[in-house]
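The chain contents come next:
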Amino acid sequence: MTLDKIGIAKRIAQEVQDGTYINLGIGIPTLVANFIPDEINVVLQSENGLLGIGPFPEEEAVDADLINAGKQTVTTRAGSSLFSSAESFEMIRGGHVDLTILGAMEVSENGDIANWKIPGKMVKGMGGAMDLVASAENIIVAMQHCSRSGDSKLLKACTLPITGIRCVKKIVTDMAVLNVLPEGGFKLIERAPGVSVEEIKAATAGKLVIEGEIPEMTIA
Amino acid sequence: MINKEVKNADEAIFDIPDNATLMLGGFGLCGIPENAISALIKKGVKGLTCISNNAGVDDFGIGLMLQTRQVKKMISSYVGENAEFERQLLSGELEVDLIPQGTLAERIRAGGAGIPAFFTPAGYGTEVAEGKEVREFHGKHYLMEEWLKADFSLVKAWKGDKAGNLVFKGTARNFNPMMAMAGKVTIAEVEELVEVGELDPNQIHTPGIYVQRIFQGNNYEKRIEQRTTKIK
């Protein structure tokens with residue numbers, strides 16, 4: 001059984017360390033916040049100018065002046081702070097944000113990521129994605145292993161216009177957890193429950209490195 | 001005290017000519033200069049280059065100025081919420097320059113801060129790097145990006161005083177403070193305009209030196225793009 005989006009988010013939540021500042025992208029990454037255990041203290045950054053994103057507001061507490069980078073209404077947590085977009089990206093570029101979790105359309109075996117543009121389709125823009133991937137020390141990608149048409153999204157080289165080069169360190173898909181090796185290649189770390197190494201091999205177009213027994217993920 | 005107060009949005013934007021380069025504050029529809037946009041539509045200036053993180057939605061924000069064909073070029077980081085925008089882009093009526101969001105913010109800040117260019121890692125190795133100088137510092141590659149300036153900056157704050165000092169609220173701050181710095185003429189609209197002395201100098205986000213005109217706006221709609229509430 002491959003993981004659903006919730007499963008991917010739950011597995012990524014296990015990577016989150018206590019006392020860190022984290023930027024979550026739109027989609028599956030946003031879901032990760034729901035599965036970070038209470039004893040792990042983290043501060044979520046929103047690149048439009050907020051550190052300390054809180055839960056969605058009660059209906060009567062909705063404030064048009066308080067949104068996240070996905071333009072959703074949010075709240076602030078105790079200890080939060082507000083700032084300009086320039087300062088927000090100073091935090092990102094300056095290496096003060098510990099972890100970035102974002103989605104991708106393709107990742108290459110040397111850690112290149114493509115997630116902003118499909119030629120021939122309407123180009124909406126890169127938003128903050130290029131700044132985030134170029135600056136973050138630690139990037140986890142949340143994605144489906146294959147496209148809807150069954151093509152691998154883990155490639156030797158990206159076919160879509162890239163967002164950043166040699167930046168992805170870890171990938172969590174519906175089938176597996178993989179590390180991107182510094183010398184190139186996807187190192188298989190864990191399998192989704194019930195997914196075989198053979199199935200992962202068949203679904204990975206880029207170089208797959210398999211050493212020893214590959215354990216199954218444990219997802220509560 | 002230099003009194004920057006003008007009566008209303010019409011008076012504030014009276015001398016914005018056709019083909020001007022404008023900066024408009026806001027992230028999505030949060031913190032946008034609603035009153036100045038309405039006044040620009042009423043005045044009917046054409047051929048505008050608009051520097052703004054987003055391009056509004058079809059029937060609000062900069063989207064309204066697209067409906068009236070007043071915009072020649074958009075310089076933005078993300079423009080995904082607007083069908084009329086897409087139509088004009090595909091038909092060639094509208095030029096668009098897409099810039100990584102952090103680079104956009106810093107180029108505007110640099111414009112206001114007198115720094116003609118800077119180096120950033122964002123976009124290195126991508127199509128954003130085409131035609132740009134690349135330099136290596138401490139083993140990492142960076143692109144040279146130049147400052148951005150505007151003939152007029154249109155910003156929105158929560159409170160302001162007649163000397164042009166501004167205080168923002170929540171995430172409505174976003175691009176407004178840097179744009180205030182980077183405009184030859186900066187026009188600030190505020191929800192509440194107060195007398196000098198009423199704002200605590202310790203709490204000012206944008207000092208009045210950057211603001212040439214200020215007025216109290218009215219009828220703020222503050223539309224929400226993604227109203228999201230707690231799941232009961």
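Before reading on, note that the structure itself is shown above.
All of the points below concern the structure found in this document. In this text the structure is predicted, and so the values were computed from the model without any measurement.

Examining the layout of surface pockets
- The volume enclosed by the second largest pocket comes to roughly 360 Å³.
- Mapped onto the lining of the second largest pocket, the elements with two or more residues apiece are α4 (129–135) of chain A together with β7 (140–146) of chain B.
- The element best represented in the lining of the second largest pocket is α4 of chain A, accounting for three residues.
- Looking at the lining of the second largest pocket residue by residue, the classes come out as seven nonpolar, six polar and four charged.

Describing empty space enclosed by the protein
- Inspection of the entire model under this criterion finds three cavities of 30 Å³ or more.
- Of the voids in this model, the largest cavity is the one considered here, and its volume is about 70 Å³.
- Around the largest cavity sit A64 and D65 of chain A together with L29, C30, G31, I32, E34, K156, Y220, K222 and R223 of chain B, which together line it.

Some remarks on the sheet that holds β7 of chain B
Residue and element names in this part refer to chain B.
- Taking strand neighbours across the sheet as the criterion, the three strands line up as β5-β7-β6 in an open arrangement whose pairing is antiparallel. In this open sheet, the two edge strands, each paired with only one partner strand, are β5 (117–120) and β6 (134–137). On average, adjacent strands in this sheet sit at an angle of 40 degrees to one another, irrespective of strand direction.
- As paired strands, β6 and β7 are joined by four bridges and run antiparallel to one another. Along β7, the bridge assignment pairs V134 with L143.
- Of the strands in this sheet, β5 and β7 touch helix α5 (residues 101–113), which is tilted by about 155 degrees from β5.

Re the packing of aromatic side chains
Residue and element names in this part refer to chain B.
- In total, this model carries two aromatic pairs over all chains according to the counting rule given.
- A centroid spacing of 5.2 Å and a plane angle of 65 degrees characterise the contact between F119 and F137, whose relative ring orientation is edge-to-face. You can see F119 sitting in strand β5 and its partner F137 sitting in strand β6, a full 18 residues away along the chain.
- Note on F119: relative accessible area 26%, which makes it partly exposed.
- Accessibility expressed as a relative area gives 30% for F137, which makes it partly exposed.
- For the pair F137 and Y142, a centre-to-centre distance of 5.7 Å together with 70 degrees between the ring planes defines the contact as edge-to-face.
- These aromatic residues form a ring-pair network of at least three members: F119, F137 and Y142.
- The ring centre of W147 lies 3.9 Å from the NZ or CZ of K149, which sits over that ring.

As for the state of the cysteines
- For the structure on display, the rule yields zero disulfides over all chains.
- Between C167 of chain A, a free cysteine, and C158 of chain A, which holds the nearest cysteine sulfur, the sulfur-to-sulfur gap is 9.1 Å.
- Residue classification places C167 of chain A among the buried residues on the basis of a relative accessible area of 5%.
- In this structure C50 of chain B is not part of a disulfide, and its nearest cysteine sulfur, from C30 of chain B, lies 19 Å away.
- The class for C50 of chain B is buried, based on a relative accessible area of 0%.

So, the interface of chain A and chain B
- With 47 residues of chain A in contact, the opposing surface of chain B contributes 50 residues.
- Of all residues in chain A, D65, K71 and M122 of chain A give up the largest surface area on contact with chain B, accounting jointly for 19% of the area buried on that side.
- The shortest N-O distance in the salt bridge between E58 of chain A and K230 of chain B comes to 3.6 Å.
- Listed by contribution, the elements that provide at least two residues to the side of chain A that touches chain B are α3 (85–93) and α4 of chain A.
- With five residues, the top contributor of residues to the side of chain A that touches chain B is α3 of chain A.
- Its residues placed into classes, the side of chain A that touches chain B shows 22 nonpolar, 14 polar and eleven charged.

A closer look at unusual backbone geometry
All names here are of chain B.
- Look at R69: it is not a glycine, yet its phi comes out positive at around 55 degrees.
- Positionally, R69 belongs in the loop between α3 (62–67) and β3 (71–76).
- Phi at N174 is positive, roughly 30 degrees, even though this residue is not glycine.
- By secondary structure assignment, the location of N174 is in the loop between β9 (166–167) and α6 (176–182).
- Overall, N174 belongs to the buried group, its relative accessible area being 0%.

Topic: helix α4 (residues 83–90) of chain B
Residues and elements named next belong to chain B.
- All of the buried residues in α4 are E84, F85 and Q88. Within α4, the buried residues cover an arc of 105 degrees as seen down the axis, which keeps them to one side.
- Each element contacted by the buried residues of α4 is listed here: α3, β3 and β4 (95–98).
- Its side-chain oxygen at 3.3 Å from the backbone nitrogen of E84, N82 defines the N-terminal cap of α4.

The rules behind the values
Residues numbered from 1 in each chain as written. Chains lettered and ligands numbered in written order. Predicted model: local features only at pLDDT ≥ 70, side-chain atom pairs only at ≥ 80, totals over all residues. Heavy atoms only, no water. 1 Å grid on protein atoms, 1.4 Å probe; cavity = no way out; pocket = protein on both sides within 12 Å on 5 of 7 lines; lining within 4 Å. Points joined across faces, edges and corners; volume = space filled by probe spheres on them. Helix = DSSP H or I, 4+ residues; strand = E, 2+ residues; numbered from the N terminus. Nonpolar A, V, L, I, M, F, W, Y, C, P; charged D, E, K, R; others polar. Pairing = 2+ DSSP bridges. Axes fitted to C-alpha atoms, helices over the stretch in contact; angles between N-to-C directions. Contact = heavy atoms within 4.5 Å. Phe/Tyr/Trp six-rings, centres within 6.5 Å; stacked < 30°, edge-to-face > 60°. Buried < 20%, exposed > 50% of the residue type's maximum accessible area, 1.4 Å probe, protein only. Lys NZ or Arg CZ within 6 Å of the ring centre and 35° of its normal. Disulfide = S-S within 2.5 Å. Buried area = accessible area lost by both parts, 1.4 Å probe. Salt bridge = Lys/Arg side-chain N within 4 Å of Asp/Glu carboxyl O. Arc of directions from axis to C-beta. Polar contact = N/O pair within 3.5 Å; in protein donor to acceptor, adjacent residues only side chain to side chain.

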